[in-house]
Each structure stands twice: as C-alpha cells, then as structure tokens.
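# Tertiary structure, described
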Amino acid sequence: MNHEDYMRIALDLARWHRGRTRPNPTVGAVIVRDHRIVGIGYHLGKGTDHAEVVALKAAGDLARGATLYVTLEPHSFHGTTPPCTEAIIRAGIQHVVVAVRDPFPRVRGTGIQQLKEAGIRVTEGVLAEEARRLNEAYFKFHETGLPWVTLKVALTLDGFIAQPDGRSQWVTSAEARRWVHRLRGEHDAVLIGAGTARTDDPLLTPREVFAFHSPRRLILSHSLNLPAHLRLFQTPPETVVLTDHPNPGNLPVPVWRVPDLETPEPLLRLLASHGIQSVLVEGGARVFSWFLRHRAFDRLILIYSPKILGRGLGAFGGLQETLEQEPAWEREEVRPLGPDLAVSFRRKSH
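As a starting point, this report considers the structure included with it. (Residues numbered from 1 in each chain as written. Predicted model: local features only at pLDDT ≥ 70, side-chain atom pairs only at ≥ 80, totals over all residues. Heavy atoms only, no water.)

## Digging into the packing of aromatic side chains
Defined as follows: Any Phe, Tyr or Trp ring, taking Trp's six-membered ring, that has another such ring centre within 6.5 Å forms a pair; planes under 30 degrees apart are called stacked, those over 60 apart edge-to-face, and the others tilted. In this text, helices come from DSSP runs of H or I with a minimum length of four residues, and strands from runs of E with a minimum of two, each type numbered from the N-terminal end. We call a residue buried when its accessible area falls under 20% of the maximum for its residue type, exposed when it is over 50%, and partly exposed in between, using a 1.4 Å probe and counting protein chains only.
On inspection of all chains with the given rule, the structure shows six aromatic pairs. Measuring from centroid to centroid gives 5.8 Å for F77 and F104, while their planes differ by 35°, and the two rings are tilted. A residue pair is termed long-range when its members are at least 10 positions apart, and F77 in the loop between β3 (67-70) and α3 (84-91) and F104 in the loop between β4 (95-98) and α4 (110-117) qualify at 27 residues. When its relative accessible area of 17% is taken as the criterion, F77 is described as buried. When its relative accessible area of 24% is taken as the criterion, F104 is described as partly exposed.

Okay, here's the thing in structure tokens:
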C-alpha cells in the first residue's frame with residue numbers, strides 16, 4: 001500500500017462521523033509501522049480527543065518510529081484539548097503525512113511547522129482535494145467568512161414545486177424525504193421563507209433517520225407576518241427569524257435583524273457571526289431565485305418526482321440566464337431515491 005491507500009482509509013474513518021463533530025472538522029488518522037496499521041482514530045466531537053491522539057493511544061509503543069496519516073493538519077494550540085502536535089512529538093512519530101493544511105487561523109501551517117522543528121518529516125497534499133471536500137463548509141467558513149450554502153429543490157418533472165395554491169407538501173416520496181432529513185443533519189441551519197412557513201407549517205427537523213445533530217431553523221421574513229401557532233415556534237430545536245424590518249415585533253422566538261437584504265451576503269455574514277458554518281435552503285421559489293440570482297450558493301440539489309402537474313408554482317423566477325452563458329455549476333452526483341431522482345450540482349467557483 002502507498003500513501004494514498006493509507007490516506008483513503010483515514011478519509012473513510014472521518015467520513016463515517018461526518019455531521020457529528022461540529023463546529024470542529026471531521027478528521028481521521030491512521031498509524032503505520034513496517035507496512036502494518038497499528039492504530040486508527042477519528043474525532044468524535046468538541047472536547048473529545050482528536051483523531052491523532054485516539055490513533056496514538058491505540059498504537060501505544062508501536063507509534064515510535066511509525067508514520068502517521070491524518071486528513072487535516074494537526075492542531076498546535078491549547079483549546080478544549082491539548083495540542084496534537086505535542087502528543088505526536090512525544091510519541092516518537094517519525095513521519096507525518098497530511099492531506100491538507102488547516103484553514104483555522106490559530107493553526108494554518110503552525111502545526112506542520114512545529115512538527116518539522118521537532119525533526120519529524122512531513123509530507124503534504126496527499127488526496128488534498130478529497131480532504132477539502134470532506135470538510136468543505138469548514139474550509140469555506142474559515143477562508144471566506146461565509147457559510148456553505150446548499151439549495152435543495154423538490155419539484156415535478158415539469159418544474160413545479162407546489163400546486164397553484166402554493167401547497168407543496170409531499171411532492172417527493174418517503175425515500176426522498178428520509179434522505180433530505182439526513183441532509184438536514186449535516187448542516188448547521190435550515191432556512192425557508194415566510195411564505196413556505198405559513199403555507200406548509202413544516203418542522204424542518206431530521207426525522208425517521210439517525211442524526212447526530214438537529215439544525216437551527218431559520219425563517220426569512222420582510223414583514224414579520226408569521227402566526228404564533230407555527231410548529232417552528234412550538235417545537236425544538238431553536239427557531240430564529242431573520243428580517244430587515246426595523247421593528248422586531250413580538251414573535252415568540254429570537255429575531256436577528258439583517259441591515260440589508262438586497263443580496264444574500266449580509267444575511268450570510270450575520271449567520272457566520274453566530275458560528276453557522278453551513279445552511280440548507282429549502283424554499284420557497286422566491287428564496288431559491290434570490291440565492292441563484294446572486295450566485296450565493298455552493299451546491300444545488302434538484303429532487304425530481306415522476307409527476308406532472310401541468311400548472312402550479314414554478315421553482316425559479318426573475319433569473320437572467322441565457323443559453324449562451326457558460327454554466328455556473330458542474331454535475332456532482334445522480335442518486336435514485338425510490339421513484340425519485342436527486343441530481344446535485346456544485347458551483348465551479350465562488
């Protein structure tokens with residue numbers, strides 16, 4: 001086995017715990033000595049041992065003179081846990097293979113520098129792109145100050161997201177809805193517009209699936225015309241209303257005022273200031289179009305249901321795309337979900 005083979009195992013270890021470690025990144029580690037794996041580890045969440053330390057404890061004395069493969073640069077400062085670099089140096093690791101440097105300002109190269117200063121050989125960049133994608137929200141958050149944005153649109157084959165009266169519940173199948181619930185559990189927050197909140201009265205929680213986390217629920221409302229009986233106001237987890245209205249009103253949940261809603265960027269910067277690294281946007285049409293029009297998204301997921309309404313509420317409106325324009329995204333995945341089909345696209349660049 002070569003460096004990539006061992007790093008792929010470390011990435012798989014991290015991937016199994018995606019969504020559990022927030023706000024920390026998900027990280028995997030493998031220790032190899034004499035072409036044999038002697039220790040593995042993964043991070044389980046804030047305040048627990050990091051992947052490298054878990055692997056070192058598993059390896060014990062066999063770590064001395066061994067090679068450590070880790071999906072993210074070891075951290076180098078005292079936080080809720082001691083520096084991983086100190087544990088690596090103390091264990092006698094001879095060679096550290098790092099997939100990608102940590103973008104967190106308090107690390108950002110200092111972990112690798114400390115290892116090199118201790119005489120440890122460091123190899124960087126092994127499966128770096130895969131490692132970045134594993135923690136794409138974490139990287140974007142720390143590199144740009146903005147959360148990762150996923151748009152999820154459930155629609156019929158003829159492009160409608162709801163009936164003419166706006167009702168949209170159960171456009172897709174139970175299999176698709178379970179997958180969306182898992183998707184919610186991978187994001188810090190779920191956002192909808194006030195119209196969707198009033199018409200569908202959704203819960204926006206990850207149900208019928210195992211999830212490490214229930215995202216914060218966000219309602220975008222200009223008028224604050226939201227009835228108090230909404231289930232989003234009556235059930236956990238926390239719901240927050242986002243608005244540019246000068247008077248916060250008397251809603252039974254926190255209201256965060258956004259100074260300017262001409263574009264999504266001020267809203268996204270406000271969310272980032274509250275530590276929100278990723279947002280799943282679930283509706284409705286005006287909100288989808290707003291994010292699309294301003295290119296304020298990273299991933300677009302279209303879930304097609306094999307239904308034809310003939311008339312109804314379209315998914316998008318007010319866009320200025322032409323066939324001559326180069327596509328702004330590239331296809332990522334096509335996934336069958338029972339009778340439905342999910343097609344996901346990624347932004348080519350921010």
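Structure's up, so let's keep going.
## As for the packing of α3 against α4
Counted only if it meets this: The axes used here are C-alpha line fits, helices contributing only the stretch in contact, and every angle between their N-to-C directions lies in the interval 0 to 180 degrees. Orientation is classified from the angle alone, with under 35 degrees giving roughly parallel, over 145 giving roughly antiparallel, 65 to 115 giving roughly perpendicular, and any other angle giving oblique. Should the near helix be turned anticlockwise from the far one by less than a right angle, the crossing is left-handed, and should it be turned clockwise, the crossing is right-handed. The contact criterion used throughout is that any non-hydrogen atoms of two residues lie within 4.5 Å. Under this grouping Gly is polar, as are all residues other than the nonpolar Ala, Val, Leu, Ile, Met, Phe, Trp, Tyr, Cys and Pro and the charged Asp, Glu, Lys and Arg.
Between α3 and α4, the least distance of the axes is 10 Å, while the angle of their chain directions is 20°. Taken together, the axes of α3 and α4 are roughly parallel relative to one another. By crossing handedness, the relation of α3 to α4 is classed as right-handed. In contact with T85, I88 and I89 of α3, α4 contributes G111, Q114 and L115. Of the residues contributing to the contact of α3 with α4, the split by class is three nonpolar, three polar and no charged.

## Quick word on the pairing of strand β1 (residues 28-33)
Inclusion rule: Only strands that DSSP links by at least two bridges are regarded as paired with each other.
Within β1, five of the six residues are buried, leaving the element largely enclosed by the surrounding structure. When β1 meets β3, the two strands line up antiparallel, connected through four bridges. Along β3, the bridge assignment pairs A29 with V70.

## Some details on the environment of P83
Within the secondary structure, P83 sits in the loop between β3 and α3. You can call P83 buried: its relative accessible area is 4%. Considered as a pair, P83 and V240 are 157 residues apart in the sequence and their alpha carbons are 35 Å apart.

## Concerning the nonpolar core
Where we set the bar: As used in this record, nonpolar core signifies buried Ala, Val, Leu, Ile, Met, Phe, Trp, Tyr and Cys residues forming a set joined through side-chain atoms within 4.5 Å.
Formed by 43 residues in total, the largest nonpolar core has its most connected members in M7, I31, L56, I88, I93 and V96. Here this core gets six residues from one element, more than from any other, and that element is helix α1 (residues 3-15). Apart from the residues within four sequence positions on either side, I88 is in contact with E52, L56, L68, P74, I93, V96, L115 and I120. Counting 36 residues, the second-largest nonpolar core is a separate cluster that includes I161, L268, F288 and F291.

## Structural notes on the sheet that holds β1
Pairing is mixed in the open sheet, where five strands are placed in the order β2-β1-β3-β4-β5. The open sheet has two edge strands with one neighbour each: β2 (36-42) and β5 (121-124). Sheet twist, expressed as the mean angle between neighbouring strand axes with direction ignored, is 15°. Sheet strands in contact with α1 are β1, β2, β3 and β4, and its direction is about 145° off that of β1.

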